[in-house]
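What the coordinates show
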Amino acid sequence: GLAASYLGAGRLTKDDVLKFGVGLVLKAKVGNHVSEGDVICDIHHDDPLPQDVLDKLNDAIVIAQESVKPLVLIHEICE
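Keep in mind it's a predicted model, so treat the numbers as computed, not measured.

Now for the nonpolar core. Within the largest apolar cluster, five residues are counted, these being Ala3, Leu7, Val22, Val53 and Leu57. At the level of secondary structure, the elements contributing two or more residues to this core comprise α1 (2-7) and α2 (51-60). Contacts of Val22, omitting those with residues within four sequence positions, involve Leu7, Gly8, Ala9, His44, His45 and Asp46.

Put into structure tokens, the structure is as follows:
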């Protein structure tokens, strides 16, 4: 989320202006198998890519050697 905000897809302060042509598209989810050369994330931007965006993404994405269970997206349905 912070990486997308640094591109202008979100606001870090209430005065920030949104850039509707920028954002991130995650191609892999937690638990997916990835191989060297696979695209994990598409970055859409209109300016030179800031290093802090790459730093945030590198900090957020972890590739493990062992299998990882996918995240539970729905914990409970209340009626």
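And the narrative resumes.
On to the environment of Lys14, then. By the element assignment, Lys14 lies in the loop between α1 and β1 (23-26). Given the relative accessible area of 76%, Lys14 is considered exposed. In this structure the C-alpha to C-alpha distance between Lys14 and Asp38, which are 24 residues apart in sequence, comes to 36 Å.

A word on a nonpolar patch on the surface. On the surface, a cluster of nonpolar side chains totalling about 660 Å² of accessible area is made up of Val30, Val68, Leu71, Leu73, Ile74 and Ile77. Residue placement: Val30 occurs in the loop between β1 and β2 (41-44).

The subject of this paragraph is the environment of Pro48. Topologically, Pro48 is positioned in the loop between β2 and α2. Under the relative-accessibility criterion, Pro48 is labelled exposed at 72%. With 41 residues separating them along the chain, Pro48 and Leu7 place their C-alpha atoms 9.9 Å apart.

Moving on: the pattern of salt bridges. Within the structure shown, the criterion is met by two salt bridges. Put simply, Asp46 and Lys19 hold a salt bridge, and the shortest N to O gap is 3.9 Å. Of the two residues, Asp46 sits in the loop between β2 and α2 while Lys19 sits in the loop between α1 and β1, which places them 27 residues apart along the sequence. Here Asp46 falls in the exposed class, since its relative accessible area comes to 53%. Of the residues examined, Lys19 reaches a relative accessible area of 33% and is grouped as partly exposed. With a shortest N-O distance of 3.2 Å, Asp42 and Lys27 are connected by a salt bridge. One end of the pair, Asp42, is in strand β2; the other, Lys27, is in the loop between β1 and β2, with 15 residues separating them in the sequence.

Each value, and the rule that gives it
- Residues numbered from 1 in each chain as written.
- Predicted model: local features only at pLDDT ≥ 70, side-chain atom pairs only at ≥ 80, totals over all residues.
- Heavy atoms only, no water.
- Core = buried A, V, L, I, M, F, W, Y, C linked by side-chain atoms within 4.5 Å.
- Buried < 20%, exposed > 50% of the residue type's maximum accessible area, 1.4 Å probe, protein only.
- Helix = DSSP H or I, 4+ residues; strand = E, 2+ residues; numbered from the N terminus.
- Contact = heavy atoms within 4.5 Å.
- Patch = residues over 30% accessible without salt bridge, like charges linked within 9 Å, V, L, I, M, F, W, Y side chains within 5 Å.
- Areas by Shrake-Rupley, 256 points an atom, 1.4 Å probe, with all protein chains shown as cover.
- Salt bridge = Lys/Arg side-chain N within 4 Å of Asp/Glu carboxyl O.

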